[in-house]
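Fold and contact review
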Amino acid sequence: MNKILIVDDEPNIVMSLEYAFKKQNFEVFIARDGSEALEILKNNIPNVVLLDIMMPNVDGYQTLKEIKADQNLKHTKVVFLTAKNKASDVEKGLELGADLYLTKPFSIKKIIAIINELIQ
Amino acid sequence: MAEKKSENKWVNHPLVYSLSIAVYCTAWTYYGSVGIAAESGISFLPIYLGPVIAVPLWIIAMRKIIRISKQNKISSIADFISLRYGNHRFLGALVTIISVLGIVPYISLQLKAISESFEILTNTSHSLTHNIFYDTTFYIAVILALFAAFYGTQKTDASEKHRGIVVSAAFESIVKLVFFLVIGVYVTFYLFDGTQDIYDRISKTENFEKLISFNGLESGFNWLFMIMLSFMAIFLLPRQFQVSVVENLRERHLKHTIWFFPLYLLLFNFFVIFIAWGGKLNLGETANAEYFALLLPLQNGNTFLALLVFLGGFSAVISMVVVSTLALSTMLSNNLIIPYGYLSKFSKADPEKNTNNIKTIRRISIFSLIILAFLFYRSFSIELSLYAIGLISFVIIAQLGPSFFFGLVWKRGSARASIVGIIIGFLFTFYTLILPFTIQSLTESTFFVENGPFGIALLKPYSLLGVDFLSPPAHAFFWSMLFNTITFLVVSISFRGNYRERNYAELFIDNKNYSSLQDNAFVWKGEAYVSNIKNVLNKFLGTERTERALDLFFRKYDLPKDTEKADARLINFSEKLLTGSIGSASAKILISNVIKEEEISLIEVLKILEESKENISHNKNLQEKSKELTQLTDQLKNANNELIFKDKQKDDFLDTVAHEIKTPLTGIRAATELLIDDEDEMPSELKQKFLNNILQDSDRLSRMINNILDFEKLTTDRISLDSKTHNLKKSIEKTIESLMHIANQNNISIDFSQIKDVEMRYDEDRIIQVITNLISNAMKFCDKANGKIFITNKIAGNEVEVCVTDNGKGIPMEDINYIFDKFYQSKNQNTKKPEGSGLGLAISKQIIEKHQGKIWVENIKNSGARFVFKLPLNN
Amino acid sequence: MKRRHEQKLVILSIVLFLCFNVPIILIFDINYAFFGIPILYFSIFSFWALSIIISYIVLKKHYE
């Protein structure tokens, strides 16, 4: 079973994503911010992390850095999912080591397709 | 180069300067004044009133003189006058001769006083008739001469300061004053019972009235002329010029002297009449009134006191002689001997020899002067009282007056006029003052005095042209000054001075304008080579000093070190360097020997000076303009930076707005997509949930858009308040009503029982908006389990304060300053969904400030936050 | 020191000159003594002392 960690502080968005991925037979983990995410990642190794950037406490960039630094997570794909869509933001995200950079608003169908492809 | 910095600070105290000027009081003051006070009454005073009147003027006059002298390294009054009139060699020599003629009698006066006071003290008889070698005065003179000769000539650069001499003179001024006051107090309060007692007794003697009164209008003239005489003396006496100008360390010492010196003179003179009268009462008419100060204590067996008085007088003599001979020897060497005798010799010799020669010349001068004074004393002192000799000395020195004083203010005065004026003035002085007593002492006949030369009554030396109501000194002063001044003025107007004189005239009189020009103020045209000038300088300063000086010069004017041609500035600079050693006249001669000067017209001189002045002021203007320009550029830079910053702020704002709008949109789209794609797999409660989410997010979106538009309108001032009179209590209650249901949902109690009625003007909708926002915030932050919100209001002076307090954790310190900024969301909210737009407090702030009010937040120690806003009552 | 304050001292000088001379000084030429000091002397000394005080005040206040 594929595992996905969804990190976002917007409850409505999380709810939709959780339902969608659960329908795809993913095991879904949820974190409201970076620190919760890192907690979860201590004990679980998901195939992919969907990462928002603008979050309280630890933001997306910081979380990405931590994930990249963790040897256990070197096979975990990290995908940014954010409303920040300027060219410079995309550059920054990819430079930091994100595997993909996706913007909000998004199509759920598209996201599922992309994620599936990614973890193949 | 000139002053050595003294490590001892106290020697640089302004008091030292002020006291050194009291070298004006000599044995004449000590003994002569008492003599006059006893014989003729008030006429001892004018000698001190002149300086008292002169000294307040020093703030302008002396400052100017000191400044000019420092700039030009002037070392004596002969230097000063000769430089003023174009660095004129003969004029400098003439001033020197007049000074010597004037001061030698003065020194002999001091010797006379020493001799007589010594004899009184030791009770020996008058030794004048004896062989010179039995005359104690001779030995005193020799010792004095040797002492002064070596003490005063340690340095060759005469413009350097003689700190040691000045400090000793200051010390001696203290000694002489203290001892004189002691004797004054002794006579007045010990020998008698105070001033009233002396007066009562003396007023009973005959002819007393004339001692305390003017005795007629004519003596008013004597009085006036004596005052004018002493007024000039305080400027012109060589020893006064030395201590007040040459030895001045800092201009601001004048600040103290101007009140201190008159005070000194007052103290010195106060007891004179009482000593005089006491003497008259106790010693009678036979005793020499001049030495009452000695005789009175001696009469009472107080030898110690008499000794003190003698020492006081002696110290007065020493400081006078040392300072005067120093001044005179400088003049003699720099203005008379070197320019007229030694110049060629010096040019060929080496610097060390030159220095020694100069020193030797000065020492011999001092020695000779004192010996000459001694001879004068032996020849003439019987006939003349101390007082009379002193006045003769003053009148001779006064001949320098017209050139000196006019030279400070009148540009047209010329060297020729000074020379002729001084000579004529001196001739008059000689005829009316010196000749009579000379003839009298040599021929024992009074014919000349009583009948005039060859019996011509109108030419009687003491009453020329029938002016017979003046005392001899006043008479001499009047005529000599009259003719001196008239000659000076007439000759100045009739014969033009040369351009050099005019150059210096400009420098002296308009000193303020030119002081910034310094070396540039000297105008000169011609051809000169640095190497030639260097040779001359080497002869007197040595190669090392010359190298250093020229180095400084080239660096100052940014010239290459191997400059070949010398310009006016270098010539001026070199002349000044030499002036200290050999005087300005000789310096000029030496330098002019090695350069080729061209005639330059007066007009050209003035033109060049004007140009130099203009250049300097032009430069100043340029500097100011460039400073202004830099300031403007900075201002522009700042404005530009501000614009860039504001621009970025706007960008940031738009970015944040975009983000805030996209977030609910994302939620709406995701939920909608799920519902559309659902093939009946979703349980209906989940469907409801998603639909609710969509609703929620739509509301959120519309709220956000409204807030943003609101905020935008508020910040760009496009909103006008709809202010009417409302009841604040009612408005608050309205607000709370609409929020009650949310409060109840979350177990939050709102306490508004303390609200008072207040009628005031405000925009109710907007204020309700603010209160709504505050209460919403409070609900977000208050305690989760047992939320309590208090709302209160109070009137404080001219304002109403409304407080919304919650019992949460308070605002984190890091947020407190930013909480009213737009889009700032605290990290410590209760609800998971950020319900606010982040703009609420920012909008509230805008609204309150539009009402001319203030809004802020306070933390109540760990137990919540209190938001307060206040509004003015009369809007 | 500013011009106008310097002028105060100049005026002091001029006033002293006038007060110390005939005819003003003759006003005080009366045969009377104040504590043993004849009035003429007393007035001269008083003007003298006054000028010292005035100079001191002017200099203290205005000499920067």
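Please read these numbers as outputs of a predicted model, since none were measured by experiment.

1. Brief notes about the sheet that holds strand E5 (residues 100–103) of chain A
All names here are of chain A. Spatial strand order, E2-E1-E3-E4-E5: 5 strands in an open sheet with parallel pairing. The outermost strands of the open sheet, each flanked by one partner alone, are strand E2 (26–31) and E5. Taken over all neighbouring pairs, the strand axes of this sheet differ in orientation by 20° on average, direction set aside. For strand E1 (residues 2–7) and strand E3 (residues 48–51), the ladder comprises 4 bridges, and the chain directions are parallel. Bridge pairing links Leu5 to Val49 in E3. Packed onto the sheet, helix H2 (residues 34–43) meets E1 and E2 and runs at close to 135° relative to E2. In this fold helix H3 (residues 60–69) packs onto E3 and strand E4 (77–82), with an angle of close to 180° to the strand it touches most, E4.

2. Some points on a negative patch on the surface
Together, Glu733, Glu737, Asp757 and Glu759 of chain B give the surface a local cluster of negative charge. The topology assignment puts Glu737 of chain B in helix H29 (residues 728–745).

3. A short note on helix H28 (residues 684–715) of chain B
Helix length check: H28 of chain B, at 32 residues, gives a terminal C-alpha distance of 46 Å against a target of 46 Å (1.5 Å per residue), a fit within 8%. Inspection of H28 of chain B places Phe690, Asn693, Ile694, Asp697, Arg700, Leu701, Met704, Asn707, Ile708, Asp710, Phe711 and Leu714 of chain B among the buried residues, and these make up the whole buried set.

4. A closer look at the pattern of salt bridges
Tallying each qualifying case throughout the model produces 30 salt bridges over all chains. Between Glu18 of chain A and Lys22 of chain A there is a salt bridge, and its shortest N-O distance comes to 2.9 Å. In this pair, Glu18 of chain A and Lys22 of chain A both sit in helix H1 (residues 11–23), 4 residues apart, roughly one turn of the helix. The class for Lys22 of chain A is partly exposed, based on a relative accessible area of 46%. The salt bridge involving Lys734 of chain B is made with Glu764 of chain B; its shortest N-O contact spans 3.2 Å.

5. Focus on empty space enclosed by the protein
Gaps left between atoms are located by rolling a probe of water-molecule size over the structure's atoms. Residues and elements named next belong to chain B. All chains considered together, the criterion is met by 6 cavities of 30 Å³ or more. Looking at the second largest cavity, its volume works out to about 70 Å³. Surrounding the second largest cavity, Asn72, Leu83, Asn87, Tyr504, Asn572, Glu575, Lys576, Thr579, Ser584 and Ala587 form its lining. When contributions to the lining of the second largest cavity are tallied by element, the ones reaching two or more residues are helix H25 (568–582) and helix H26 (584–593). With 4 residues, the single largest contributor to the lining of the second largest cavity is H25. Grouping the amino acids of the lining of the second largest cavity by side-chain chemistry returns 3 nonpolar, 5 polar and 2 charged. The residue makeup of the lining of the second largest cavity includes at least three contributed by each of domain 1 (2–499) and domain 2 (516–600).

6. Here's the deal with the interface of chain B and chain C
Taken together, the 42 residues of chain B in the interface contact 36 residues of chain C. In this structure, the connection of chain B to chain C is made through 1 salt bridge. Taking the shortest distance from any N to any O, the salt bridge between Arg63 of chain B and Glu6 of chain C comes out at 3.0 Å. Where chain B touches chain C, the interface holds 6 residue pairs in polar contact (both at pLDDT 80 or more). Where the side of chain B that touches chain C is concerned, the elements lending two or more residues are helix H3 (46–54), helix H9 (195–202), helix H10 (218–236), helix H12 (254–270) and helix H13 (272–283) of chain B. No other element matches the 9 residues that H12 of chain B contributes to the side of chain B that touches chain C. Here the side of chain B that touches chain C is built from residues that sort into 29 nonpolar, 7 polar and 6 charged.

7. Details of the pairing of E1 of chain A
All names here are of chain A. The pairing of E1 with E2 spans 6 bridges and is classified as parallel. Of the residues in E2, the one forming a bridge with Asn2 is Phe26. In this fold, the crossover linking E1 to E2 by way of H1 has right-handed handedness.

8. Focus on the interface of chain B and chain A
Contact residues are listed per partner, giving 26 residues for chain B and 23 residues for chain A. With both chains or domains summed, chain B and chain A bury close to 2300 Å², and 60% of this area falls on carbon and sulfur atoms. It is His659, Lys662 and Thr666 of chain B in chain B that bury the most area against chain A; as a group they hold 23% of the surface buried on that side. The interface formed by chain B and chain A contains 3 salt bridges. Salt-bridge contacts for Lys109 of chain A lead to Asp677 of chain B; the nearest nitrogen and oxygen are separated by 2.8 Å. Seen at the junction of chain B and chain A, the total is 10 residue pairs in polar contact (both at pLDDT 80 or more). Listed by contribution, the elements that provide at least two residues to the side of chain B that touches chain A are helix H27 (602–677) and H28 of chain B. With 12 residues, the single largest contributor to the side of chain B that touches chain A is H27 of chain B. Residue composition of the side of chain B that touches chain A, grouped by class: 7 nonpolar, 6 polar and 13 charged.

9. Quick look at the packing of aromatic side chains
Under the definition given, this model contains 62 aromatic pairs over all chains. Between the aromatic rings of Tyr19 of chain A and Phe690 of chain B, the centroid separation amounts to 5.8 Å while the plane-to-plane angle is 70°, which identifies the pairing as edge-to-face. Here Tyr19 of chain A, found in helix H1, pairs with Phe690 of chain B, found in helix H28, and the two come from separate chains. Ring centres of Phe478 of chain B and Trp479 of chain B lie 5.0 Å apart, and the angle between their planes is 65°; this geometry places the pair in the edge-to-face category. Given a relative accessible area of 26%, Phe478 of chain B falls into the partly exposed group. Among the aromatic residues, those joined into a cluster by ring pairs are Phe44, Tyr199, Phe270, Phe271, Phe274 and Trp277 of chain B together with Tyr41, Phe45 and Trp48 of chain C. Note that Arg84 of chain B overlies the ring of Tyr85 of chain B, its terminal NZ or CZ placed 4.6 Å from the centroid. Here the guanidinium or amino end of Arg239 of chain B rests over the ring plane of Tyr106 of chain B, the centre of that ring lying 4.6 Å away.

10. Description of unusual backbone geometry
In this model, Lys104 of chain A is joined to Pro105 of chain A through a cis peptide bond whose omega is -15°. With respect to the element layout, Pro105 of chain A can be found in the loop between E5 and helix H5 (108–118). The peptide bond linking Val22 of chain C to Pro23 of chain C adopts the cis configuration, its omega dihedral lying at 5°. Assignment of secondary structure puts Pro23 of chain C in the loop between helix H1 (3–20) and strand E1 (33–34). Located in the positive-phi region is Asn87 of chain B, a residue other than glycine, with phi close to 60°. Counting through the fold element by element, Asn87 of chain B comes out in the loop between helix H5 (77–84) and helix H6 (89–122).

Cut-offs applied
- Residues numbered from 1 in each chain as written.
- Chains lettered and ligands numbered in written order.
- Predicted model: local features only at pLDDT ≥ 70, side-chain atom pairs only at ≥ 80, totals over all residues.
- Heavy atoms only, no water.
- Pairing = 2+ DSSP bridges.
- Helix = DSSP H or I, 4+ residues; strand = E, 2+ residues; numbered from the N terminus.
- Axes fitted to C-alpha atoms, helices over the stretch in contact; angles between N-to-C directions.
- Contact = heavy atoms within 4.5 Å.
- Patch = residues over 30% accessible without salt bridge, like charges linked within 9 Å, V, L, I, M, F, W, Y side chains within 5 Å.
- Areas by Shrake-Rupley, 256 points an atom, 1.4 Å probe, with all protein chains shown as cover.
- Salt bridge = Lys/Arg side-chain N within 4 Å of Asp/Glu carboxyl O.
- Lys, Arg positive; Asp, Glu negative; His and termini not counted.
- Charge placed at Lys NZ, Arg CZ, Asp CG, Glu CD.
- Expected span 1.5 Å × (residues − 1).
- Buried < 20%, exposed > 50% of the residue type's maximum accessible area, 1.4 Å probe, protein only.
- 1 Å grid on protein atoms, 1.4 Å probe; cavity = no way out; pocket = protein on both sides within 12 Å on 5 of 7 lines; lining within 4 Å.
- Points joined across faces, edges and corners; volume = space filled by probe spheres on them.
- Nonpolar A, V, L, I, M, F, W, Y, C, P; charged D, E, K, R; others polar.
- Domains from an automatic or database assignment.
- Polar contact = N/O pair within 3.5 Å; in protein donor to acceptor, adjacent residues only side chain to side chain.
- Right-handed = clockwise from strand over helix to strand, strands pointing away.
- Buried area = accessible area lost by both parts, 1.4 Å probe.
- Phe/Tyr/Trp six-rings, centres within 6.5 Å; stacked < 30°, edge-to-face > 60°.
- Lys NZ or Arg CZ within 6 Å of the ring centre and 35° of its normal.

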